[in-house]
Amino acid sequence: MSPFATQVAPALPKRPLPAWLRDAERVDVAVYAAITQTPTPSLDQAMRLLTQAADYWRLWLGSAAILALTRGARGRRAAVTGLASVAVSSAVANLVLKRLVGRRRPDTSDVPAARHAVMPHSTSFPSGHSASAFAFATGVGSVLPCEAVPIRALAAAVAH
């Protein structure tokens, strides 16, 4: 979760969804239900740790520090560009888009107790974690293209 997440204003009133968006939401709900009902304890633990590492930019700050310390001047520029990208994407996602979209978090009442995860209080779309992850990867990749693939893979894992 980004530092901006606690500053999200209440969502705007809902408008009726177009048919294609209602269909997409039904698919999304079905996929979520299938995932929550499939036991994957080792994967659950790994994803929980990765999600916690991405909270409050920790994963990106650590990655930026590694780049700055190991890749010289270009690594420092990539780290700054990546973190600046995270700042912009966090502000846009958490302060603007979440408010405009106002999508509620999934209902967890049918999720087995062993699969429960702590959910943020903000709305669910766009994902602040995903926006930050791909913003960092894009910022770093714009300066150090050779680092783009592993950082984008990490971003994809965070976005899970």
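As a convention, each chain's residues are numbered from 1 in the sequence order in which they are written. Where totals are concerned, whole chains, interfaces and linings use all residues; where local detail is concerned, this predicted model gives features only for residues with pLDDT of at least 70, and gives and counts side-chain atom pairs only at 80 or more. Side-chain metrics rest on all non-hydrogen atoms present in the structure, leaving aside hydrogens and water.

**Looking at the overall build of the chain**
- Check the secondary structure of the chain and you find six helices and zero strands.
- Runs of E in the DSSP output that reach at least two residues are strands. Runs of H or I that reach at least four are helices, and both are numbered from the N terminus. When the helices and strands of the chain are listed from N to C terminus, the series reads α-α-α-α-α-α.
- Burial classification: accessible surface area is computed with a 1.4 Å probe over protein chains only, and a residue below 20% of its type maximum counts as buried, one above 50% as exposed, and the rest as partly exposed. Buried positions account for 31% of the 160 residues belonging to the chain.
- In the chain, of all internal contacts separated by at least 6 residues, the share reaching a separation of at least 24 is 77%. Whether two residues are in contact is decided by their heavy atoms, any of which lying within 4.5 Å being enough.

**Things to note about the nonpolar core**
- Side-chain atoms within 4.5 Å are what join buried Ala, Val, Leu, Ile, Met, Phe, Trp, Tyr and Cys residues into a set we call a nonpolar core. Formed by 20 residues in total, the largest nonpolar core has its most connected members in Leu-59, Trp-60, Leu-67, Phe-136, Val-140, Ile-151 and Val-158.
- Of all the secondary structure elements, the ones that give two or more residues to this core are helix H2 (41–54), helix H3 (58–70), helix H4 (72–101), helix H5 (128–143) and helix H6 (145–159).
- A total of five residues in this core trace back to one element, the largest contributor, which is H5.
- With residues near it in sequence (within four places) discarded, Val-140 still touches Leu-67, Ala-78, Gly-82, Glu-147 and Ile-151.

**Description of H6**
- The end-to-end C-alpha separation of H6 is 21 Å, in line with the 21 Å expected for 15 residues at 1.5 Å each.
- At Ile-151, H6 shows its maximal kink, close to 25°.
- All of the buried residues along H6 are Glu-147, Ala-148, Ile-151, Ala-155 and Val-158.
- For H6, the secondary structure elements touched by its buried residues are H2, H3 and H5. Helix span is expected to be 1.5 Å times the residue number reduced by one. Think of it this way: the bend at a residue is just the angle between two axes, each fitted to seven residues, one set ending at that residue and the other starting at it.

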